[in-house]
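Overview (structure and organization)
Letter by letter, the chains look like this.
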Number of protein chains: 2
Amino acid sequence: MQDTHISLAHGNGGRYMRELIEDLFSRHLKNPGLDVQADAVPLHLEEAGEILFTTDGFTVQPLEFPGGNIGSLAVHGTTNDLAVAGAVPRYLSLNAFIEEGFEVDQLERIIKGIAAAAEQTGCRVVAGDTKVVRRGEGGGVYLATTGVGIRRQGLALSLQRIRPGDKLLVSGPIGDHGIAVMLAREQFGLHGDLHSDAGSVLQLAQSLLNLSGLHFMRDPTRGGLATVAHEICRATGHQVRLEQDRIPVRDSVQSVCEMLGYDPLFLACEGRIVALVSDSDADAALRAWRALPEGRSAGIIGQITEGDPHVILETELGGARILEELEDDPLPRIC
Amino acid sequence: MQDTHISLAHGNGGRYMRELIEDLFSRHLKNPGLDVQADAVPLHLEEAGEILFTTDGFTVQPLEFPGGNIGSLAVHGTTNDLAVAGAVPRYLSLNAFIEEGFEVDQLERIIKGIAAAAEQTGCRVVAGDTKVVRRGEGGGVYLATTGVGIRRQGLALSLQRIRPGDKLLVSGPIGDHGIAVMLAREQFGLHGDLHSDAGSVLQLAQSLLNLSGLHFMRDPTRGGLATVAHEICRATGHQVRLEQDRIPVRDSVQSVCEMLGYDPLFLACEGRIVALVSDSDADAALRAWRALPEGRSAGIIGQITEGDPHVILETELGGARILEELEDDPLPRIC
């Protein structure tokens, strides 16, 4: 398209909108299932299994950060929700709310991020819509993605399957995404090799599905690992005990957290999984994860017990404290 | 929930967000398929047929207008896209981008609009996400909805099936939604009984599916009837001839258009269908529509011919002119 910036006319249903969709969205997202002329498209789901469905909105600021952008994040965020439910992502819909005046080059980088992440995950964007909102009413770009995947029949993962004695595993260091976005946003003058962990957890998730002791998985995004622990606690009525010195945190993330007063336990990850696995299968799960490049820092970091329904953090010095639920967000607009 | 206005904490993944979702969204949208604890939910699609998929974003201003609100509009808009593709809507996902400071009472009215429209259409909201954006960065509420429906196997409706000789039908008066929203927005001091036509076209669409001469349907939303005519023209390479005096337009809509310089042909409808039907089945289609309350003003308003690929408007005085494609939007933010 010839324009360098988005105008309200790109959202009006006429020629400009068609050019925006054809020249930018369709060109990069091109695939046999995408039909920009159709009101609705057929989904071809040949595999036997349950059809899973999930959706997410994305408002991260800044829109681009080390390790990704709002486009790649939107695809990984939604497909990861399917992956931790045990499904293989197949199709995505994409909504873009674009602010008047937004730079077309940046929009193109975001769309390329969507295309690359979709290809990496093996799924296709087959339906989409764009809306243009007035200057000042949009934060640049917001995205919403809805995903459809297929899960093997009979695979039941749920909070309700978690039992006392289950081990809690995490697939990699926590807090990378939160800190990478925060540093990109705040320009503290802190430099380093900190990248968001935004990425697909599909292989990690798939690698555990043959373990009968796998009870539940979740990706710790908004609110971080601590929030997943609280969800488990609330849903099961059991106690969640985390061992602080076993939780993988990069030195660089730890340093920034200490400097600025953040707790990595509450920071968003966008490429990690928490898994709840029976004691007897926990070591097998750990081995499966560590055999994958994205799981080589995986650890068994806690367990479920029959005590009072609290999240307990066992500290390195042998103490233990109740970890309270997140109330004020340390880092808003992280996804 | 106790708060009267939305704060950033309602988007942070912690306790406030849980309360917002449980007390407002889940309460009104409650159904057996909705599981706010799960990352992804199974879709139960027992009927044989193709699975259809569609998505739409909504940024209408004002958020409430005579005949609906952004919530009911989002459900009707997305389910209507399934309906005109020949499908029965079954499931929806819902994304809400809510601006900090938004009034909880108004949010509740919007959610009630979603619930009522979903119930009316026989589909369920089973997945959702909310994000809160900073004050001034959101236009109150934006919604994105993705729909899944089932279409009878072998039912092929497409622009490519349109043939010269096909008749063009519209199911009711055009422009009601555009004018109702515009009057609600601009406060011209014009009063009257003008309501948006926002509503379900499912019965209208279903009533034609047994006609072998049914080739294509579309709901004329952004860009109106004229934009649908241009899409047909572009996709088929044929001429679309519209007879101005056969196009149903309410007197009140016509009056406002004349006063303010709008052309109803370019105004959005949110509860109408355009159908392309073979000459031999056109009367049967018209009878089917007129037998329904929402179709009693339906008309045969034009036809496809083999002339140059233009949209031609035959005027009441026997003249004919080329109807140009929409470039500048007469009424932005209409859906």
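Keep in mind it's a predicted model, so treat the numbers as computed, not measured.

Focus on the interface of chain A and chain B
If you look at the interface, chain A gives 74 residues, while chain B gives 74 residues. Of the roughly 5500 Å² buried between chain A and chain B on both sides combined, carbon and sulfur atoms contribute 51%. Counting the surface chain A buries against chain B, the share from its top three residues, D39, F53 and R222 of chain A, is 16%. The interface formed by chain A and chain B includes six salt bridges. Taking the shortest distance from any N to any O, the salt bridge between R222 of chain B and D129 of chain A comes out at 2.7 Å. With nine residues, strand β2 (residues 50-58) of chain A is the largest single contributor of residues to the side of chain A that touches chain B. Taken together, the three bridges between β2 of chain A and strand β1 (residues 41-43) of chain B define a ladder with antiparallel strand orientation. Following the sheet pairing, I51 of chain A is matched in β1 of chain B by L43 of chain B.

A closer look at the sheet that holds strand β10 (residues 239-243) of chain A
Strands pair in a sheet through their backbones, by hydrogen bonds, and they do so in one of two ways: parallel or antiparallel. Residues and elements named next belong to chain A. Strand order in the open sheet formed by seven strands is β9-β11-β8-β12-β10-β13-β14, and the pairing between neighbours is mixed. Edge positions in the sheet fall to β9 (214-218) and β14 (320-322), since each of these pairs with one other strand and no more. Neighbour-to-neighbour, the strand axes of the sheet open up by a mean angle of 25 degrees, direction not taken into account. Both β9 and strand β11 (residues 274-277) contribute to a ladder of four bridges, which runs antiparallel. Its bridge partner lying in β11, M217 is registered against A275.

Examining the domain arrangement of chain A
Residues and elements named next belong to chain A. When its domains are assigned, chain A resolves into domain 1 (8-151) and domain 2 (159-322). The interface is formed by 19 residues belonging to domain 1 together with 22 residues belonging to domain 2. Between domain 1 and domain 2, the buried area comes to about 1600 Å², and carbon and sulfur atoms account for 63% of it. Considering only the surface of domain 1 that becomes buried against domain 2, P66, N80 and V84 emerge as the three largest contributors, covering 33% of it. Viewed at the interface, domain 2 and domain 1 are joined by zero salt bridges. Mapped onto the side of domain 1 that touches domain 2, the elements with two or more residues apiece are α2 (70-84), β5 (87-99) and α3 (104-121). Sort the elements by how many residues they give to the side of domain 1 that touches domain 2 and α2 lands first, with seven residues.

Side note on helix α2 (residues 70-84) of chain B
Residues and elements named next belong to chain B. If you check α2, its first and last C-alpha atoms are 21 Å apart, about what 15 residues at 1.5 Å a residue would give, namely 21 Å. α2 sits mainly inside the fold: 15 of its 15 residues count as buried. Put simply, N69 is the residue that caps the front of α2, since its side-chain oxygen is 2.7 Å from the backbone nitrogen of G71. G86, located one to two residues past α2, shows a positive phi value of around 95 degrees.

As for the packing of aromatic side chains
Summed over all chains, the structure comprises four aromatic pairs over all chains. Taking the centre distance of 6.3 Å and the plane angle of 45 degrees together, the rings of Y142 of chain A and Y142 of chain B count as tilted. You can see Y142 of chain A sitting in strand β7 (residues 141-151) and its partner Y142 of chain B sitting in strand β7 (residues 141-151), one on each of two chains. Y142 of chain B carries the same exposure label as Y142 of chain A, and that label is buried. For the cation-ring pair, R15 of chain A lies above Y16 of chain A, with the distance from its terminal atom to the ring centre recorded as 4.8 Å. Cation over ring: K131 of chain B sits above F58 of chain A, and NZ or CZ is 5.8 Å from the ring centre.

Criteria and thresholds
Residues numbered from 1 in each chain as written. Chains lettered and ligands numbered in written order. Predicted model: local features only at pLDDT ≥ 70, side-chain atom pairs only at ≥ 80, totals over all residues. Heavy atoms only, no water. Contact = heavy atoms within 4.5 Å. Buried area = accessible area lost by both parts, 1.4 Å probe. Salt bridge = Lys/Arg side-chain N within 4 Å of Asp/Glu carboxyl O. Helix = DSSP H or I, 4+ residues; strand = E, 2+ residues; numbered from the N terminus. Pairing = 2+ DSSP bridges. Axes fitted to C-alpha atoms, helices over the stretch in contact; angles between N-to-C directions. Domains from an automatic or database assignment. Expected span 1.5 Å × (residues − 1). Buried < 20%, exposed > 50% of the residue type's maximum accessible area, 1.4 Å probe, protein only. Polar contact = N/O pair within 3.5 Å; in protein donor to acceptor, adjacent residues only side chain to side chain. Phe/Tyr/Trp six-rings, centres within 6.5 Å; stacked < 30°, edge-to-face > 60°. Lys NZ or Arg CZ within 6 Å of the ring centre and 35° of its normal.

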